[in-house]
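What follows is the residue order along each chain.
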Amino acid sequence: MAEDTHKNGDFLLSVAPMMDWTDRHCRYFHRLLAPQARLYTEMVHANAVLHGDRHRLLGYSAHEKPLALQLGGSEPAVLAQATRIAQDEGFDEVNLNVGCPSDRVQSGRFGACLMREPALVAECIAAMRAQVSIPVTVKCRLGVDEQEDYVSLLDFIDTVAATGCDTFVVHARKAWLQGLSPKENREVPPLRYEQVYRLKRERPHLTILINGGIIDRAAAHEHLRHTDGVMLGRAAYHDPYFLHVLHGEIYAPATTSRPRADLLRELEPYVRTELAHGTALKHITRHVLGLFHAQPGGRAFRQILSEGAHRVGADWSLVERALAATRRDHDEAA
């Protein structure tokens, strides 16, 4: 049933799925900053999709699209059902997590440990693709533990690609499943971008996206010379204006980046609507704290929002007060 008719351009820029961070409020904000980037949900286990609160787990605004659901799991039949539900719910892509190294993920036999089982991953992807017409993609590492050689990565990719899956997001580090925390696995194993570049050279028919350690625009543009797209992680979250500027350089290089305050004020109608439905302001503003990263007033902006957003009755006026602090500090620094 699968008809992966997407173009590489759809994947030029994306924001990685990040647990506890890329919730629906975060994605709404990121969409304001980067209208054409592809956004991903936090990872959701396939069993949770089948048996959990779908409104809470899969809820999103149409404003967030194009939007991909990232699934965890290793049971082909369960993943297939969850993928069909994702398509029915309107998601534009389903991505299988084969990269998360946490203990909880390993104990459930999904995430990065599946890189040792390419045949099982291929079976999962085949079952998922048979249910839908939207793209089914894979996010993986270079390898795990003792897997040092490029041949292991190539074997994994070729085995899964034989199902018809043609899009792979490769975090350019391997993962140590024992001895390193998830945080350390994002920092300690060395980045090996050349392996991802080589993969694209040797498998030019595949869409290969690169992820891991991309923290400046020059590096992102260099990666785009060798791969089909860049996926930003924590850099997009901690410095969201970086996402906005890079998006402009990729999709509309003749345009000028918009002021931070103007971008944030576009969030006001969403905030007012969410507050009216009972959402606490803190659940939204926690995702915008880095907007004035390294800017005059950035510290005051973060402090005002962090200290005030959790209070009963906190509303948009708090955001305006935080913005006023950035203007004051900017004028004093001028």
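Our structure is the block above this text.
Below: a short report on this structure.

Conventions and cut-offs
Residues numbered from 1 in each chain as written. Predicted model: local features only at pLDDT ≥ 70, side-chain atom pairs only at ≥ 80, totals over all residues. Heavy atoms only, no water. Pairing = 2+ DSSP bridges. Helix = DSSP H or I, 4+ residues; strand = E, 2+ residues; numbered from the N terminus. Axes fitted to C-alpha atoms, helices over the stretch in contact; angles between N-to-C directions. Expected span 1.5 Å × (residues − 1). Buried < 20%, exposed > 50% of the residue type's maximum accessible area, 1.4 Å probe, protein only. Contact = heavy atoms within 4.5 Å. Phe/Tyr/Trp six-rings, centres within 6.5 Å; stacked < 30°, edge-to-face > 60°. Lys NZ or Arg CZ within 6 Å of the ring centre and 35° of its normal. Polar contact = N/O pair within 3.5 Å; in protein donor to acceptor, adjacent residues only side chain to side chain. Salt bridge = Lys/Arg side-chain N within 4 Å of Asp/Glu carboxyl O. Parallel < 35°, antiparallel > 145°, perpendicular 65-115°, else oblique. Left-handed = near helix turned anticlockwise from the far one by under 90°. Disulfide = S-S within 2.5 Å.

## Re the sheet that holds strand 1 (residues 13–15)
Next up, step 1: Around the barrel, which closes on itself, the eight strands sit in the order 1-2-3-4-5-6-7-8 with parallel pairing between neighbours. For this sheet the average axis-to-axis angle between neighbouring strands, irrespective of direction, equals 25 degrees.
Next up, step 2: As defined by bridge partners, strand 6 (residues 167–171) adjoins strand 7 (residues 207–211) across five bridges and the pair is classed as parallel. Bridge pairing in strand 7 places Thr-167 opposite Thr-207.

## Looking at helix 6 (residues 118–129)
Next up, step 1: In a regular helix each residue adds 1.5 Å, so 12 residues correspond to 16 Å; helix 6 covers 16 Å between its end C-alpha atoms and thus fits that length.
Next up, step 2: Residues Pro-118, Leu-120, Val-121, Ala-122, Cys-124, Ile-125, Ala-127, Met-128 and Arg-129 constitute the buried set of helix 6.
Next up, step 3: Contacts made by the buried residues of helix 6 are with strand 3 (67–72), helix 4 (76–88), strand 4 (93–98), strand 5 (136–141) and helix 7 (150–161).

## Examining the packing of aromatic side chains
Each aromatic ring pair is characterised by the separation of its centres together with the angle its planes make.
Next up, step 1: Under the counting rule described, the total for this entry stands at four aromatic pairs.
Next up, step 2: Between Trp-21 and Tyr-237 the ring centres are 4.4 Å apart and the planes differ by 15 degrees, which places this aromatic pair in the stacked class. You can see Trp-21 sitting in the loop between strand 1 and helix 1 (24–33) and its partner Tyr-237 sitting in helix 11 (residues 234–238), a full 216 residues away along the chain.
Next up, step 3: Positioned above the aromatic ring of Phe-11, the side-chain terminus of Arg-38 is 4.3 Å from the ring centre.
Next up, step 4: For Arg-260, the ring lying beneath its charged end belongs to Tyr-241, and the centroid distance is 3.8 Å.

## Thoughts on the side chain of Thr-137
Next up, step 1: Structurally, Thr-137 can be placed in strand 5.
Next up, step 2: Classification of Thr-137 by relative accessible area gives buried; the value is 1%.
Next up, step 3: Reaching out from Thr-137, the side chain makes a polar contact with the side chain of Glu-93 at a distance of 2.5 Å.
Next up, step 4: Only 2.8 Å separates the side chain of Thr-137 from the side chain of Asn-95, close enough to count as a polar contact.
Next up, step 5: With residues near it in sequence (within four places) discarded, Thr-137 still touches Glu-93, Val-94, Asn-95, Leu-96, Ile-125, Cys-165 and Thr-167.

## Here's the deal with the side chain of Gln-70
Next up, step 1: In this fold, Gln-70 is placed in strand 3.
Next up, step 2: Polar contacts involving the side chain of Gln-70 include one to the side chain of Asn-95, which spans 3.0 Å.
Next up, step 3: Once residues within four sequence positions are removed from consideration, Gln-70 is found in contact with Pro-17, Thr-41, Glu-42, Met-43, Val-44, Asn-95, Asn-97 and Lys-139.

## Quick notes on the pattern of salt bridges
Next up, step 1: One pass over the full model with this rule turns up 15 salt bridges.
Next up, step 2: Its salt-bridge partner being Glu-64, residue Arg-27 comes within 2.6 Å of it at the nearest N-O pair. With Arg-27 in helix 1 and Glu-64 in the loop between helix 3 (54–58) and strand 3, this residue pair connects regions lying 37 residues apart in the sequence. For the pair formed by Arg-27 and Glu-64, the shared burial category is buried.
Next up, step 3: A salt bridge links Arg-217 to Glu-249; the nearest nitrogen and oxygen atoms lie 2.8 Å apart. In this pair, Arg-217 sits in helix 10 (residues 217–226) while Glu-249 sits in helix 12 (residues 240–251), placing the two residues 32 residues apart along the sequence.

## Points about unusual backbone geometry
Next up, step 1: For the peptide bond that leads from Lys-65 to Pro-66, omega is 5 degrees, which places it in the cis range.
Next up, step 2: For Pro-66, the position within the fold is in the loop between helix 3 and strand 3.
Next up, step 3: For Asp-20, which is not glycine, the phi torsion reads 70 degrees and is therefore positive.
Next up, step 4: Backbone geometry at Ala-294 places phi at a positive 65 degrees, although glycine is not the residue there.
Next up, step 5: Note that Ala-294 resides in the loop between helix 15 (282–285) and helix 16 (298–308).

## Looking at the packing of helix 1 against helix 12
Next up, step 1: Put simply, helix 1 and helix 12 touch, their axes get as near as 8 Å, and they point 40 degrees apart. In terms of orientation, helix 1 and helix 12 fall into the oblique class. Note on packing geometry: the crossing formed by helix 1 with helix 12 is right-handed. Judged by residue contacts, Phe-29, His-30 and Leu-33 of helix 1 engage Pro-240, Leu-243, His-244 and His-247 from helix 12.

## A closer look at the state of the cysteines
Cysteine pairs can be covalently joined through their sulfur atoms, and such a bond is termed a disulfide.
Next up, step 1: One pass over the full model with this rule turns up zero disulfides.
Next up, step 2: Counting only cysteine sulfurs, Cys-100 is the nearest neighbor of Cys-26, a cysteine outside any disulfide, at a range of 17 Å.
Next up, step 3: In this structure Cys-26 comes out as buried when scored by relative accessible area, which is 0%.
Next up, step 4: No disulfide involves Cys-124; its nearest neighbouring cysteine sulfur is the one of Cys-113, lying 11 Å away.

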